Structure formats: structure tokens, C-alpha cells
Amino acid sequence: MKNFSLDRRGERRSGPDVWFKMISWLSVIGWILMVIALVLFDVAKPHMLTFFDRFFHVSAATVWDYQLTLYIFFVMVAGFLISAIGLLINARRHRRKKDHFSLSLMLLGIVSLFGAVFYLLRFWRQY
């Protein structure tokens, strides 16, 4: 015999839906962009000459590569946009008590925003 309760609706979600999967993928793509931005930052920054560089007369860049810093800015803006889109999807999907906002997308948005603002304050004058 089946046990019927007064609340017949119950939980209709049978697993992760398309929107939840999209939020997860946007988070992954955003953090991959952040890693790319960090690699570009490492390549674009001026390098310090070491003892071996001076001994073997190796030349090293002593100024920022401004073209790469522009790419870093674009990657940061893309990361912020991905974070904003993911958080908007998350907000539309956030209806039940057990639903939660993606901390990963929030952190990605904050870091991307600070990176883009840092670029505007530091490097925008160079162009």
C-alpha cells in the first residue's frame, strides 16, 4: 500500500538540470580564463636579471609588455562577464531553501573585477 502525504508535489528535481550544469561549466571556463590571465601576467611582467643572466649576457625585458597587459584586461573582462551570466542564471534558478549561490562564480567575479580595475588604474595611461 502506498503512503500518501498531504504534500503531493514533493521534490520534482530528479538530478542536475541543464541550468545547474551550465552554471558549473561557466565556473570551470571562468577559472580557466583566470589561469590564462595569470600566465599572461607572468610573461608580461618585467623580469629581474639574475647573476647568471649577467654572466652569460642574457638580455631580459625590464619593462612591462603592454600588448600582453591589454590581453590580460580582455581576459579579466571575459571572466567577469562569464561570472555575471552564471550568477544571473543562478539567481533565476534559486527558488528553494536548499538552493545556493555559486561561491566560485562570486569569487571569480570579484577577482576579475579587481583585475580589470587594476589594469585601468595602472596601465591605461600607457596607450
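In the block above lies the structure referred to throughout.
What counts and how
Residues numbered from 1 in each chain as written. Predicted model: local features only at pLDDT ≥ 70, side-chain atom pairs only at ≥ 80, totals over all residues. Heavy atoms only, no water. Salt bridge = Lys/Arg side-chain N within 4 Å of Asp/Glu carboxyl O. Buried < 20%, exposed > 50% of the residue type's maximum accessible area, 1.4 Å probe, protein only. Axes fitted to C-alpha atoms, helices over the stretch in contact; angles between N-to-C directions. Helix = DSSP H or I, 4+ residues; strand = E, 2+ residues; numbered from the N terminus. Parallel < 35°, antiparallel > 145°, perpendicular 65-115°, else oblique. Left-handed = near helix turned anticlockwise from the far one by under 90°. Contact = heavy atoms within 4.5 Å. Phe/Tyr/Trp six-rings, centres within 6.5 Å; stacked < 30°, edge-to-face > 60°.

## What to know about the pattern of salt bridges
Next up, step 1: Under the defined criterion, the tally for this structure stands at one salt bridge.
Next up, step 2: Across the salt bridge formed by Lys45 and Asp42, the nearest N and O atoms sit 3.4 Å from each other.
Next up, step 3: The exposure class assigned to Lys45 is partly exposed, which follows from its relative accessible area of 30%.
Next up, step 4: For Asp42, a relative accessible area of 41% translates into the label partly exposed.

## Concerning the packing of helix α3 (residues 66-93) against helix α4 (residues 103-122)
Next up, step 1: The interhelical angle for the contact between α3 and α4, taken along N-to-C directions, is 150°, at an axis separation of 8 Å. Accordingly, the angle class assigned to the pair α3 and α4 is roughly antiparallel. The interaxial crossing formed by α3 with α4 has left-handed handedness. Taken together, the residues of α4 that come into contact with α3 (itself represented by Thr69, Leu70, Phe73, Met76, Val77, Gly79, Phe80, Ile82, Ser83, Gly86 and Leu87) are Leu105, Met106, Leu108, Gly109, Val111, Ser112, Leu113, Gly115, Ala116, Tyr119 and Leu120.

## Some points on the packing of helix α1 (residues 18-44) against α3
Next up, step 1: Viewed as axis vectors pointing N to C, α1 and α3 meet at an angle of 165°, and their least axial separation amounts to 9 Å. Relative to α3, the element α1 lies roughly antiparallel. Crossing angle aside, the handedness with which α1 passes α3 is left-handed.

## Here we look at the packing of aromatic side chains
Next up, step 1: As enumerated under the stated definition, the model contains six aromatic pairs in all.
Next up, step 2: Between Phe41 and Trp64, the ring centres sit 5.4 Å apart and the planes meet at 55°, which makes this aromatic pair tilted. Taken together, the positions of Phe41 in helix α1 and Trp64 in the loop between α2 (51-55) and α3 put the pair 23 residues apart, joining distant regions of the chain.
Next up, step 3: Overall, the relative accessible area of 36% leaves Phe41 in the partly exposed class.

No statement about biological role is implied by the geometric values presented.
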